[in-house]
Amino acid sequence: MPEAKRPNVLFLMTDQQRWDALGCVNPIVKTPNLDALAARGIRFSQAICNAPMCVPSRYSMMLGLYPSQSGVRHNTNMCNTDDSLPLPVLPQRLQELGYRTAGFGKTHWFVGSDLAPDVPVQTSRRGFEIRVQARGTDPKEMEPRATVMKLDAPETFARLGEETRPFGGGGEGILGYVGCTSEVPAAQHREGWLTQKALDFLENERDPGRPLFLYLSFDFPHPGFNVPAGYELLYDIEDIPERPRPLWSKHRSGHAVFTRFPDEWERKTSLQRRRATLRYYALCSYVDDLFGRVIARLDRLGELDDTFIIFLSDHGEMLGDRFHRFSKYSLYEGSVRVPLIVAGAGVPERKRGTVDDRHAELVDVLPTLLRVARADVPLELPGLDLLSDARRPGGFAEMHGGGYEGLFGESSQRAPTYMWRTRNWKLILHLPGEVSGVALRLDELQGELYDLQNDPHEWINRFDDPQYLVVQERMTRHLLMHLACAWGK
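The paragraphs below set out a description of the structure included in this document.

Our next topic: the overall build of the protein chain. If you tally the helices and strands in the protein chain, you get 14 helices and 15 strands. For the protein chain, the C-alpha radius of gyration of 22 Å lies close to 23 Å, the compact-globule estimate for 489 residues. Sequence-distant contacts, at least 24 apart, represent 74% of the contacts inside the protein chain between residues at least 6 apart. If you sum the accessible surface of the protein chain, you get close to 19,200 Å²; carbon and sulfur atoms cover 51% of it.

Along the polypeptide, T195 turns up in helix 8 (residues 190-204). In this structure the C-alpha to C-alpha distance between T195 and D118, which are 77 residues apart in sequence, comes to 35 Å. Setting aside anything within four residues of it in sequence, one finds T195 in contact with L216, F218, L290 and V294. Here E191 takes part through its backbone oxygen, which lies 2.8 Å from a polar atom of the side chain of T195.

The pairing of strands in a sheet comes from backbone hydrogen bonds and takes either a parallel or an antiparallel form. Taking strand neighbours across the sheet as the criterion, the four strands line up as 12-13-14-15 in an open arrangement whose pairing is antiparallel. In this open sheet, the two strands that pair with only one neighbour each are strand 12 (395-399) and strand 15 (446-451). Direction aside, neighbouring strands of the sheet carry axes that sit 15° apart on average. Sheet topology places strand 12 next to strand 13 (residues 417-421); five bridges connect them, and they run antiparallel. Opposite G395, over in strand 13, you have R421 as the bridge partner. Lying on the sheet, helix 14 (residues 469-488) is in contact with strand 12, strand 13, strand 14 (425-430) and strand 15; it crosses strand 14 at an angle near 70°.

Take the sheet that holds strand 4 (residues 130-133) next. Taken in spatial order, the nine strands make up an open sheet running 5-4-3-7-1-9-10-2-11, and their pairing is mixed. A strand with exactly one partner marks an edge of an open sheet, and here the two such strands are strand 5 (147-148) and strand 11 (354-356). Sheet strands in contact with helix 10 (residues 270-300) are strand 1 (8-15), strand 7 (212-221) and strand 9 (307-313), and its direction is about 165° off that of strand 7. Against the sheet, helix 13 (residues 365-372) contacts strand 1 and strand 9, and its axis sits at roughly 175° relative to strand 9.

Burial analysis of helix 13 places seven of its eight residues in the buried class, the great majority of the element. Along helix 13, the positions that sit buried rather than exposed are V365, L366, P367, T368, L369, L370 and V372. Tucked inside the fold, the buried residues of helix 13 contact strand 1, helix 2 (54-63), helix 4 (90-96) and strand 9. Looking one or two places after helix 13, you find R374, whose phi comes out positive at around 60°.

Burial in helix 1 (residues 32-39) covers these residues: L34, L37 and A38. Take helix 1 and look down its axis: the buried residues cluster within an arc of 100°, on one side only. Among the exposed residues of helix 1, those oriented more than 90 degrees off its buried face are P32 and A39.

As a further point, take the side chain of N26. Within the element layout of this structure, N26 appears in the loop between strand 1 and helix 1. Taking the relative accessible area as the measure of exposure, N26 reaches 16% and is therefore buried. Look past the residues within four positions of N26 in its chain and what remains in contact with it is D20 and Y281.

Summed over all chains, the structure comprises 35 salt bridges. Ionic pairing is found between D389 and K351, a salt bridge with its closest N-O pair at 3.1 Å. Residue D389 is found in the loop between helix 13 and strand 12, and its partner K351 is found in the loop between strand 10 (340-344) and strand 11; the two are separated by 38 residues along the sequence. According to the relative accessible area criterion, D389 is exposed, its value standing at 56%. Through salt bridges with shared partners, a single ionic network connects E333, R337, R421, K426 and E458.

In terms of nonpolar packing, the biggest core is built from 65 residues, with F11, Y59, F213 and L312 touching the most fellow members. Among residues more than four places away in sequence, those in contact with Y59 are G64, V72, M78, C79, L85, H108, W109 and R126. With 59 residues, the next largest nonpolar core counts M149, L216, I240 and V294 among its residues.

Rules and cut-offs
- Numbering of residues starts from 1 in every chain and runs along the sequence as written.
- At least 70 in pLDDT is required for a residue's local features to be given in this predicted model, at least 80 for side-chain atom pairs to be given and counted, and no such filter applies to totals for whole chains, interfaces and linings, which use all residues.
- Water and hydrogen atoms were dropped before computing side-chain values, which therefore reflect all heavy atoms in the structure.
- In this description a helix means any DSSP run of H or I spanning at least four residues, a strand means any run of E spanning at least two, and both kinds are numbered starting from the N terminus.
- Here the radius of gyration uses the C-alpha set of atoms, whereas the globule reference equals 2.2 Å times the residue count to the power 0.38.
- Whether two residues touch is decided by their heavy atoms; if any such pair falls within 4.5 Å, the residues are in contact.
- Only the protein chains shown count as cover for residues, with accessible areas throughout obtained via the Shrake-Rupley method and a probe of 1.4 Å.
- Whenever two N or O atoms come within 3.5 Å, that pair is a polar contact, provided that in protein one can donate a hydrogen and the other can accept it, and provided that, for residues adjacent in sequence, both atoms are side-chain atoms.
- Here a strand pair is declared whenever DSSP counts at least two bridges between the two strands.
- Think of each axis as a best-fit line through the C-alpha atoms, taken over the contacting stretch in the case of a helix, with angles from 0 to 180 degrees between the N-to-C directions.
- Whether a residue is buried, partly exposed or exposed follows from its accessible area with a 1.4 Å probe, protein chains only, as a fraction of its type maximum: under 20%, in between, or over 50%, in that order.
- When we speak of the arc, we mean the arc of directions from the helix axis to the C-beta atoms.
- Salt bridges are defined as contacts in which a side-chain nitrogen from Lys or Arg sits within 4 Å of a carboxyl oxygen from Asp or Glu.
- Throughout this description, the term nonpolar core refers to a set of buried Ala, Val, Leu, Ile, Met, Phe, Trp, Tyr and Cys residues connected via side-chain atoms within 4.5 Å.

Now the structure itself:
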């Protein structure tokens, strides 16, 4: 018998979307297309990223390796040439299996000149036959023969740059979270431009003789919050609550880096703070709308039934939790948990329309997609096939600083921080300071232990409470054995 055709893969990705910024989790949020995807697929309620920042998280997902295995540990790390990749990345693997590979939007393979001024970079498509980037022309980021927004739509690109300039670097200054209603039409934002390019590709450049891997990755809802007109009107400010307030009045954290403007945010009015949350949710609605258009186009073209769809985000967003902490760069729930949904071809009938409470991780994406593509999964990968019934006892994530410390004359890498999370408990172990000389400072080990069932906001650290010593020791054993097994592979 002839071999059955491999299913198409539609990979939908956002940047910095919280696990609970979905209508099927939080009814305040308007995401009807992703809710419909969850209703006919599997939503993983306990999914986490393996590094709570863009670059190491995306490398981890695309390589199927933990950051401590890939060597890309923070936001100013990268594999600056294809030869420096420890394993083939996802689009390379799928291309080798015969897929027509098309990548639209952010991959973050490479970091810009200002973050790695002395690192020679040889950019590459890394398996993508078609490449479209909503970026500028920094030679350290622009991939060969890619369509780049700054050159394709220069006037719009310039307007967006001017509109977001007050938000600060990366959009994560305080004004980026205050946000604004954009004067640039929705279709002309980076996400709208990328979506139209993807739709044009589906209409005009499909190879019907090959399965399709279509990767569509947006910057939103990452701040700054310049929301396309109309999407804020989906929400009533009176329905938006204040972020939960902790029992303490100072911003506490043992391991997190880059505390964000707690004093300035406290001086904002309640309406201003809630407006920021509203704008974040409005951006989630905007990207949901665009994803829905791509799914609808596949349906109109008669390809939806033969397509496996995966939706996820690279990490979360604290959004003011824990006394006005923003962005990511921590192992707290808002930062480390991510939305993760799979649906379509390849999903067992018995699992459709279910919520799966297993400890899913982004390293599971590569093994899952290889199984969907009817390929073998390399034994060295630490991830699991999410369509199987395999179940790990907890979830693992790690941090090694953000990388930006090196821009201020310090070490470019902090000592490691490791997290082990179960449904009810979270353990975080970390050493303060730089990575150099850590073996001489093991007695400086610090920890955080949270009872997630009774303290879901992680306000009360139980690490030094003798009543929780048994829990702490059990979690530590599981963490160490998990690392030993993963690294041993």
